[in-house]
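Listed here are the chains, written in short residue letters.
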Amino acid sequence: MLTKADSVTKITLWNDREIPRLGMGCWAIGGPFYAGDVPLGWGEVDDDESIRAIDRAVDLGIRFFDTASNYGAGHSEEVVGRALGNRDDIIIATKFGFVTDEKTKQATGAFSDPAFIRRSAETSLRRLRRDRLDLLQFHLNDFPLEASDEVFETLETLKAEGKIDAFGWSTDHPDRAARHVHRAGFVSVQHTMNVFEPVPATIDVIERNGLISINRGPLAMGLLSGKFTPDKAIGEKDVRGASLDWMVYFKDGRIAPEFAARLEAVRNLLTEDGRTLTQGALAWLWARSPRTLPIPGFRTVAQVEENAGALAKGPLRADVMAAIDQALAGL
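In this text, all values refer to a predicted model and were calculated from it rather than measured experimentally.

1. Quick word on helix 3 (residues 114-128)
Every α-helix winds through 3.6 residues per turn, so residues three or four apart in the chain are directed the same way. The end-to-end C-alpha separation of helix 3 is 21 Å, in line with the 21 Å expected for 15 residues at 1.5 Å each. Looking at helix 3, one finds that the buried residues are Phe116, Ile117, Ser120, Ala121, Ser124, Leu125, Arg127 and Leu128. The secondary structure elements touched by the buried residues of helix 3 are helix 2 (75-84), strand 7 (91-96), strand 8 (98-100), strand 10 (133-138) and helix 4 (148-160). Remark: Arg129 follows helix 3 within two positions and exhibits a positive phi of approximately 60°.

Here is the structure:
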């Protein structure tokens, strides 16, 4: 279990359950899937190692796992289901909207109609081996505001029926984050956030409305792990090597030069007090807002142990946060 139980590294959820302020993101353990020839996963995986890593996370006190119906064409949900099943001490969040074919591993589209949402929820329940989905999130980032009303009305109905406990939106747009805060059951916004992207407008919506900020990309897709150098290429089945508009941290399969410079500007500050670079990046998020719940990805036991080790060290000090702001402002 955790070696330190400070309130700053815990968060109270919508169901009044208090958990460590760290989850595990399960995109990478889904394995390869594609849009044509474009990779959307993080390369090949070892399911046994993934399950060992999940088990280790639970041993270390982690109680929040985030996945999606399309990660690995459903394989991520299946692995999480194998590892955790219907344990009532674990919170599993999943997402819907993008569709992938389980056999071909190909993306086949995006949908949001009520019948699709119901089918997707039932499929996720089956794969995850759950009686109820703890948190179901709309996965279409820039979906039109007014059209989203029907989506969240459907989620309200699923909550009333006992299929889901709560719901949220995975979006980087503050106006979308704010659209459904009045609905009972809307509890979270999942969005990109890290040292390089502090997203003040989104955090303002979250804090004003008492939501949970689920931070995807807390390590800038691995850049803040420190394991990549400018001359190290990404694997051919890895999404970070793909030419996608939203892939800003890596270009042509290598670290984008502008982000390499930003990393060097903050490296020493993030690793103060004996933290690894990864742990410093997570500590920055905890210091940024009391509502943050980062979900770093993982594929190995060692990665889980490093991530969870950040909890014992807590958030960065205010003077370090100010120094990081100053270092990045100068670039």
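So much for the structure itself; the text now carries on.
2. Looking at the layout of surface pockets
Each pocket or cavity is described by its volume, and for the largest pocket that value is around 1400 Å³. Together, 50 residues line the largest pocket, and Trp27, Trp42, Arg216, Met221 and Trp246 are the ones closest to its centre. Of all the elements in the fold, those that place two or more residues in the lining of the largest pocket are strand 8, strand 12 (186-192) and helix 9 (301-309). Its residues placed into classes, the lining of the largest pocket shows 24 nonpolar, 16 polar and 10 charged.

3. What about the nonpolar core?
Counting residues in hydrophobic clusters, the biggest one holds 87 residues, and the most contacted among them are Phe65, Leu155, Phe196 and Ile324. With residues near it in sequence (within four places) discarded, Phe65 still touches Met24, Cys26, Ile54, Ala57, Val58, Leu84, Ile90, Ile91, Ile92 and Ala93. Membership of the second largest hydrophobic core comes to 13 residues, among which are Ile11, Ala93, Ile214 and Leu293.

So, how was this worked out
Residues numbered from 1 in each chain as written. Predicted model: local features only at pLDDT ≥ 70, side-chain atom pairs only at ≥ 80, totals over all residues. Heavy atoms only, no water. Helix = DSSP H or I, 4+ residues; strand = E, 2+ residues; numbered from the N terminus. Expected span 1.5 Å × (residues − 1). Buried < 20%, exposed > 50% of the residue type's maximum accessible area, 1.4 Å probe, protein only. Contact = heavy atoms within 4.5 Å. 1 Å grid on protein atoms, 1.4 Å probe; cavity = no way out; pocket = protein on both sides within 12 Å on 5 of 7 lines; lining within 4 Å. Points joined across faces, edges and corners; volume = space filled by probe spheres on them. Nonpolar A, V, L, I, M, F, W, Y, C, P; charged D, E, K, R; others polar. Core = buried A, V, L, I, M, F, W, Y, C linked by side-chain atoms within 4.5 Å.

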